[in-house]
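These are the residues of each chain, in order.
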Amino acid sequence: MKVMAQIAMVMNLDKCIGCHTCSVTCKQAWTNRTGAEYMWFNNVETRPGVGYPHTWEDQDTWHGGWARTKKGRLKPRSGGRLARLAKIFANPDLPELVDYYEPWSYEYDKLLSAPKDSAAFPVARPVSQITGKPMDKITWGPNWDDDLGGSTETMSQDPVLAQMNLDVRTEIEQTFMFYLPRICEHCLNPTCVAACPSGAMYKRAEDGIVLVDQDRCRGWRMCVSSCPYKKVYFNHTTGKAEKCTLCYPRLEAGQPTICSETCVGRLRYLGVLLYDADRVGEAAAVEDPQDLYPAQRSVLLDPYDPQVVAAARRDGVPESWIQAAQDSPIWALIDTYEVALPLHPEYRTLPMVWYIPPLSPVVDQVTASGNDGEDHKILLTALSTMRIPLEYLAGLFTAGDTRPVERSLRRLAAMRSYMRDVNLGGAGDEDIAGAVGMSGAQVEDMYRLLAIAKYDDRYVIPTTHPETPRGIAALGQDVSDLIGAGDGSPEACSVSTFHGQSTLRMTSRGRAAAAASAASQPSTPGRVNLLDWGGDEHASGLFPPAPSEGSDR
Amino acid sequence: MSALDTLLWVAFPYASLTLLVAGLVWRWRSDQFGWTTRSSQLHEKAILRLASPLFHVGFLMVIAGHFLGLIIPKTWTDAVGFREQAYHVLATSAGSLAALLTVVGLVGLLWRRFITQSVRLATTRRDKVMYVLLTLPILLGTWATLSTQLFGQPGGYDYRETISPWLRSILTFTPQAEAMPTVPLAFRLHIIAGFLLFAIWPFTRLVHAVTIPVQYPTRPYIVYRARQASVSAAPTRRGWAPVDTTTAHEGAGSRGA
Ligand code: HEM
Ligand code: SF4
Ligand code: SF4
Ligand code: SF4
């Protein structure tokens, strides 16, 4: 046994309102640059739907993930090492920009610069960020079928639907819809890493975050096609691969990822899992794809087991991380309550962002037919008769095995009716809990974690420096420092002070470019890091320079 | 030998090779972030899928051919009983095939580079200079082969009596350029264009050819790296390389972005 720690995420799909806030804040933080316009490290897709990039789940086309050979070994679906080198001059599986979408902006300045009394109404035309030319008609985007808009044309291309029969398909179009926010899965067995010829991609030994070493990436663009989730992107300006970093500079300081921090539905959980690195390969290679979900669970180690704790200490997992693994909301949702499921385990990468399947399609259906959507008998009956959402969800989360999805949804349904009794002043009905194999107390604990958990219960992230406060405590100091709490206040723990930098690091090229642009456009205000600004000293660049003497204003 | 000849066949090759070697070392040390193929496949795939493998395979054959013809002395091939006639036939046919692949591939690459709009807009000034200086020696080399070996006098031109000894004399730091002024013009132009290409090599995207991922076939699939020795998961195994953050040079702070 070799114990390693992994920071993992769970998303509770019932609570996602599809607002795309997570995507936008991630973009502002990470991909708001030339060459990265089309990248969405976090994207939110409407399902059923084709997703982003277009039909990414269709591995017959993209050849992402691993394939099991006849001998029971694993090989990237796109080919082994020599086959990959043979294909290095042109990668046959690489998506083109049109498979994502052609990014565009609008001529906003036309709105401001339009003459005052112009007869024509000023418009901001869309302009391609690739060619710089106006785009007369925008025909595809990263969430084109949002809220099933235009889905009559595209939905039938959903690869998960394609696995189902036609009756199911037509019925699903009328009955149900939910949102699926997606980030990099920070897999235990990542094909992106396996496919990188130069060894620039790696999994961090301490926290399992999968990263691209920007200095060692040589632009062979093999990771992009090998990731079955299509979560590595190629920056066409720098010629380097980029991906979700799990916001590691924030995690190291004990703060949640930006997409979690800003999630409007508060549906994301972050925490530590312990796993047995020696058994990863074996679990990823089980024969039946439907066994992959239990196999992946068997790789995760019980953080309360004294043997596991001893082995973790032996293998150098810090004490604070073992503690965090025991407090982990992720472990509770995956193992204790068994409601969280992995996304497409059949790709054999052992993904580490898990999902609680949405019960709301079932509840909506029940209430729409005039029944009580909080009565457990009605809900559980509905679950056993409404096979369609179940089968679709199983296609997403368990390689088609409906049993784990059903167990998860039954527990969510039981929680609904059990907690209604409690909220109405009654004692919880143990029979309801018993019907899904839980006790009343367990149901209440699960309710607390799923419905009303506080910031520090949702994000249990050990810092890399154990003495530094984490979670909301660190955030509080940040905020008090921002508004200037005065002398004697504890030193702020912001992301950049934590990393020992008062300003952002820049490459020499970046500094030269910034200096050049400052010289050529003196009226443009510079950048100020407001989060680190104490509020008392002068921050140059915050305001445009005062008008010079003699100007008439 | 005139001063011009000394300049062209002694000074210039050394200047060019110095730029090549020193330039590669300098760029390797100062610009790891810029060391990439800058693949344009995201913009255009259909032409690239044919043109790039054709060009690369052809060009690698060309490199191998140059190595055989220029570096290996004629006396060695003679010694193993490889007659001049057989050598000539083999070299000319394989060389023509390589040239065909390279030129067809190059035309495809140039077409998409300068005609396909999205690729053209992603083309830097360096790319343009690189393509000019890449195309020149390829075309001149093809012309030299066609005009002397295929359609010249029977038996062709035996560059292994003139050019090869000269190149080896350069590489062994005993420059002897007496024979060079007698070499056919097409070859002389090809050589000069070739050394011009070497001179700019380190400053273009062609550096990607130096970092061929030869270690990939022997590496374990999954790469782990530890952030700090103090918190790393011991013991270190094959394929586990710790990241040294203490001697971070420029750009190392942005690892992983
Ligand atoms: C075996 C070593 C080499 C490998 C593995 C390699 C691989 C690659 C790759 C992956 C690309 C990117 C293609 C794309 O996606 O746009 C590329 C581009 C290119 N390579 Fe190589 N290369 C090698 C050697 C060479 C050599 C020796 C040359 C000599 C001139 C060369 C010239 C080029 C050129 C000109 C391009 C640019 C194509 C474009 O216009 O986009 N390569 N190479
Ligand atoms: S999801 Fe992330 S870790 Fe997994 S293969 Fe894709 S890029 Fe790699
Ligand atoms: S973890 Fe960070 S980088 Fe990754 S999707 Fe979320 S915000 Fe983006
Ligand atoms: S911010 Fe939260 S609720 Fe909004 S789309 Fe993203 S995951 Fe869903």
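In this report, the structure presented in the accompanying data block is examined.

A tally of helices and strands in chain A yields 27 helices and 15 strands. Looking at chain A residue by residue over its 553 residues, the buried ones come to 54%. Within chain A, residue pairs in contact and separated by at least 24 positions form 69% of the contacts whose partners lie at least 6 positions apart. Summed over all atoms, the accessible surface of chain A reaches about 23500 Å², with 53% contributed by carbon and sulfur.

Residue and element names in this part refer to chain A. If you walk across this open sheet you meet the five strands as 13-12-1-15-14, and the pairing is mixed. Looking at which strands have only one partner, the edges of the open sheet turn out to be strand 13 (300-301) and strand 14 (341-342). Summarising the sheet, strand 1 (residues 3-12) and strand 12 (residues 268-276) pair through nine bridges and their orientation is antiparallel. Residue pairing across strands places Met9 opposite Leu270, the latter belonging to strand 12. Where helix 17 (residues 329-336) meets the sheet, its contacts fall on strand 1, strand 12, strand 13 and strand 15 (353-356), and the angle it forms with strand 12 comes to roughly 70 degrees.

Residues and elements named next belong to chain A. On the surface, Tyr106, Tyr108, Leu111 and Leu112 cluster together into a nonpolar patch covering about 460 Å² of accessible area. Top contributing element to the nonpolar patch by residue count: helix 5 (residues 108-113), with three residues. Summarising the element assignment, Leu111 is placed in helix 5. When its relative accessible area of 41% is taken as the criterion, Leu111 is described as partly exposed.

Time to look at the interface of chain A and chain B. Counting from both sides, the interface comprises 76 residues of chain A and, opposite them, 57 residues of chain B. Considering only the surface of chain A that becomes buried against chain B, Arg81(A), Phe89(A) and Arg218(A) emerge as the three largest contributors, covering 14% of it. For the pair chain A and chain B, the interface holds one salt bridge. With its nearest N and O atoms 3.0 Å apart, the salt bridge here joins Arg225(B) to Asp213(A). Where chain A packs against chain B, one counts 27 residue pairs in polar contact (both at pLDDT 80 or more). Among the residues forming the side of chain A that touches chain B, the class breakdown is 36 nonpolar, 17 polar and 23 charged. Both strand 8 (residues 201-204) of chain A and strand 1 (residues 224-225) of chain B contribute to a ladder of two bridges, which runs parallel. Paired with Lys203(A) across the two strands is Tyr224(B), which belongs to strand 1 of chain B.

Let's shift gears to the sheet that holds strand 1 of chain B. Two orientations exist for strands paired in a sheet by backbone hydrogen bonds: parallel and antiparallel. Strands sit in the order 9(A)-8(A)-1(B) across an open sheet of three strands; the sheet is mixed. Where the open sheet ends on each side, the last strands, each with one partner, are strand 9 (210-212) of chain A together with strand 1 of chain B. In this structure, strand 8 of chain A lies alongside strand 9 of chain A, joined through three bridges in antiparallel fashion. Directly across from Tyr202(A), in strand 9 of chain A, lies its bridge partner Leu211(A).

Our focus in this paragraph is unusual backbone geometry. Residues and elements named next belong to chain A. Cis peptide bonds are those with omega within 30 degrees of zero, and the linkage from Arg47 to Pro48 qualifies with -5 degrees. Within the element layout of this structure, Pro48 appears in the loop between strand 2 (43-47) and helix 2 (59-62). Cis geometry marks the peptide bond from Tyr52 to Pro53, where omega comes out at -10 degrees. Although it is not a glycine, His20 sits at a positive phi angle of roughly 65 degrees.

What follows covers the coordination of the iron atom of ligand 1. Residue and element names in this part refer to chain B. His56 (NE2) and His208 (NE2) make up the full set of protein donors to the iron atom of ligand 1, lying at 1.9 to 2.0 Å. Between the six donor atoms coordinating the iron atom of ligand 1, the angles at the centre fall across 87 to 179 degrees, so the site counts as octahedral. Residue His56 is located in helix 2 (residues 46-71), and its partner His208 is located in the loop between helix 8 (185-200) and strand 1; the two are separated by 152 residues in the primary sequence. Among the residues examined, His56 registers a relative accessible area of 21% and is labelled partly exposed.

What follows is about the site of ligand 3. All names here are of chain A. Neighbouring ligand 3 are the residues Cys26, Trp30, Phe41, Asn42, Ile183, Cys244, Thr245, Leu246, Cys247, Thr257, Ile258 and Cys259. Those elements that provide at least two residues to the shell around ligand 3 are helix 1 (21-30) and helix 12 (258-261). Split by residue class, the shell around ligand 3 holds nine nonpolar, three polar and no charged.

Regular strands place side chains that alternate from one sheet face to the opposite one. All names here are of chain A. Burial runs high along strand 7 (residues 178-182): five of the five residues are buried. Judged by which residues are buried, strand 7 turns out to be covered on both faces: Phe178, Leu180 and Arg182 on one side and Tyr179 and Pro181 on the other are all buried. In terms of strand pairing, strand 2 meets strand 7 through five bridges, oriented antiparallel. Across the sheet, residue Val44 finds its bridge partner in strand 7, namely Pro181.

This part takes up the packing of helix 4 (residues 84-114) of chain B against helix 6 (residues 125-150) of chain B. All names here are of chain B. Interhelical geometry of helix 4 versus helix 6 gives an angle of 150 degrees and a closest axis separation of 10 Å. Between helix 4 and helix 6, the angle falls in the class roughly antiparallel. Like other packed secondary-structure pairs, helix 4 and helix 6 cross with a definite hand, here left-handed. Facing His88, Thr92, Ser96, Ala99, Thr102, Val103, Leu106, Leu109, Leu110, Arg113 and Phe114 of helix 4, the residues of helix 6 in contact are Asp127, Lys128, Tyr131, Leu134, Thr135, Ile138, Thr142, Gln149 and Leu150. Residues of the contact of helix 4 with helix 6, tallied by class, amount to ten nonpolar, seven polar and three charged.

A separate point is the packing of helix 18 (residues 360-368) of chain A against helix 19 (residues 376-385) of chain A. Residue and element names in this part refer to chain A. The N-to-C vectors of helix 18 and helix 19 enclose an angle of 110 degrees; their axes lie 10 Å apart at closest approach. The orientation of helix 18 with respect to helix 19, classified from their angle, is roughly perpendicular. The hand of the helix 18/helix 19 crossing is right-handed. Across the interface between the two elements, Val362, Val363 and Val366 from helix 18 touch Ile378, Leu379, Ala382 and Leu383 from helix 19. Split into classes, the residues belonging to the contact of helix 18 with helix 19 amount to seven nonpolar, no polar and no charged.

With that settled, the discussion passes to the side chain of Arg221(A). Looking at the element boundaries, Arg221(A) is found in the loop between strand 9 and helix 10 (222-226). Here Arg221(A) is buried and forms no salt bridge, its nearest opposite-charge partner Glu44(B) lying at an N-O distance of 10 Å. At 3.2 Å, the side chain of Arg221(A) and the side chain of Ser39(B) are in polar contact. Side chain to side chain, Arg221(A) and Gln41(B) meet in a polar contact 3.0 Å long. Setting aside anything within four residues of it in sequence, one finds Arg221(A) in contact with Ile88(A), Phe89(A), Ala90(A), Asn91(A), Leu94(A), Phe234(A), Ser39(B) and Gln41(B).

What follows covers the environment of Gly219(A). Residue and element names in this part refer to chain A. Checked against the element boundaries, Gly219 lands in the loop between strand 9 and helix 10. Here Gly219 falls in the buried class, since its relative accessible area comes to 1%. Taking the C-alpha atoms as reference points, Gly219 and Phe234, separated by 15 residues in sequence, lie 8.1 Å from one another.

What follows deals with the pairing of strand 2 of chain A. Along strand 2 of chain A, five of the five residues are buried, which leaves the element largely enclosed by surrounding structure. Judged by which residues are buried, strand 2 of chain A turns out to be covered on both faces: Asn43(A), Glu45(A) and Arg47(A) on one side and Val44(A) and Thr46(A) on the other are all buried.

Close contacts around ligand 1 come from 26 residues, with Arg221(A), Ser39(B), His56(B), Tyr131(B) and His208(B) the closest. Those chains with residues close to ligand 1 are chains A and B. Measuring from an oxygen atom of ligand 1, one finds a backbone N or O atom of Ser40(B) at 2.9 Å. In the environment of ligand 1, a nitrogen atom lies 2.7 Å from a nitrogen or oxygen atom belonging to the side chain of His56(B). When contributions to the shell around ligand 1 are tallied by element, the ones reaching two or more residues are helix 2, helix 4 and helix 6 of chain B. Ranked by residue count, the leading element in the shell around ligand 1 is helix 2 of chain B, at six residues. A per-class count over the shell around ligand 1 returns 16 nonpolar, six polar and four charged.

What counts, and at which threshold
Residues numbered from 1 in each chain as written. Chains lettered and ligands numbered in written order. Predicted model: local features only at pLDDT ≥ 70, side-chain atom pairs only at ≥ 80, totals over all residues. Heavy atoms only, no water. Helix = DSSP H or I, 4+ residues; strand = E, 2+ residues; numbered from the N terminus. Buried < 20%, exposed > 50% of the residue type's maximum accessible area, 1.4 Å probe, protein only. Contact = heavy atoms within 4.5 Å. Areas by Shrake-Rupley, 256 points an atom, 1.4 Å probe, with all protein chains shown as cover. Pairing = 2+ DSSP bridges. Axes fitted to C-alpha atoms, helices over the stretch in contact; angles between N-to-C directions. Patch = residues over 30% accessible without salt bridge, like charges linked within 9 Å, V, L, I, M, F, W, Y side chains within 5 Å. Salt bridge = Lys/Arg side-chain N within 4 Å of Asp/Glu carboxyl O. Buried area = accessible area lost by both parts, 1.4 Å probe. Polar contact = N/O pair within 3.5 Å; in protein donor to acceptor, adjacent residues only side chain to side chain. Nonpolar A, V, L, I, M, F, W, Y, C, P; charged D, E, K, R; others polar. Donors = N, O, S within 2.8 Å, 3.2 Å for Na, K, Ca; no water. Tetrahedral: all angles 85-135°; square planar, octahedral: opposite > 155°, others 65-115°. Near = heavy atom within 4 Å. Parallel < 35°, antiparallel > 145°, perpendicular 65-115°, else oblique. Left-handed = near helix turned anticlockwise from the far one by under 90°. Lys, Arg positive; Asp, Glu negative; His and termini not counted.

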